[in-house]
Amino acid sequence: MAHFTVRFFKNVIGDQGKSCEVCQRTVDVDARDANEAATIAQQEFCELREINDWSLHADRIDVQPADFPS
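Residues numbered from 1 in each chain as written. Predicted model: local features only at pLDDT ≥ 70, side-chain atom pairs only at ≥ 80, totals over all residues. Heavy atoms only, no water.

How would you explain the side chain of D62 if you had to name every residue and give the values?
For D62, the location among the structural elements is in strand β3 (residues 60-65). Here D62 sits buried without a salt bridge, and the closest side chain of opposite charge, R7, lies 4.3 Å off (N-O distance). In this structure the side chain of D62 is engaged in a polar contact, spanning 3.1 Å, whose partner is the side chain of Q64. Excluding residues that lie within four positions of it along the chain, D62 makes contacts with T5, V6, R7 and F9. (Helix = DSSP H or I, 4+ residues; strand = E, 2+ residues; numbered from the N terminus. Buried < 20%, exposed > 50% of the residue type's maximum accessible area, 1.4 Å probe, protein only. Lys, Arg positive; Asp, Glu negative; His and termini not counted. Salt bridge = Lys/Arg side-chain N within 4 Å of Asp/Glu carboxyl O. Polar contact = N/O pair within 3.5 Å; in protein donor to acceptor, adjacent residues only side chain to side chain. Contact = heavy atoms within 4.5 Å.)

Pulling in residues and values, what's your account of the environment of F4?
In this structure, F4 sits in strand β1 (residues 2-13). Between the C-alpha atom of F4 and that of A38, which follows or precedes it by 34 residues, the distance is 8.9 Å. Those residues in contact with F4 that sit more than four places away from it in its chain are V27, D28, V29, A31, D33, A34, A37, V63, Q64, P65 and A66.

Account for the pattern of salt bridges, naming residues and giving values.
Overall, the coordinates contain three salt bridges when judged by the stated rule. Here D59 makes a salt bridge to K10, at a shortest N to O gap of 3.6 Å. Here D59, found in the loop between α1 (34-49) and β3, pairs with K10, found in strand β1; they are 49 residues apart in sequence, far enough to count as distant. On the accessibility criterion, D59 (39% relative accessible area) is partly exposed. K10 sits in the partly exposed class, given a relative accessible area of 23%. Between R32 and E36 there is a salt bridge; the shortest N-O distance is 2.9 Å.

Now, about the nonpolar core: what can you tell me, with residues and values included?
Formed by 14 residues in total, the largest nonpolar core has its most connected members in F4, V6, F8, V29, A37, A41 and W54. Of all the elements in the fold, those that place two or more residues in this core are β1, β2 (19-31) and α1. With residues near it in sequence (within four places) discarded, A41 still touches V6, F8, V27 and V29. (Core = buried A, V, L, I, M, F, W, Y, C linked by side-chain atoms within 4.5 Å.)

What follows is the structure, given as C-alpha cells:
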C-alpha cells in the first residue's frame, strides 16, 4: 500500500475582499491508489467533524503521494 496526504480546502473571502483558499484539515492515509485515499480521508474527515458530507466544510480535496524514496 502507498501512503497519501489528503488536504481539505475551503474558499473564503478575507477582510480585504480577496478570495483565498484555507486548509481545513490534513489527513494521512494508507491506500492502494489516490481514489481510495480520497474516500478513506473523506470518511475520517466526516467522523472528526461529526457530519455526513465533507463538502459542508470544504470545497475541494487535494491528494498527494507521501511515499519517500528509499
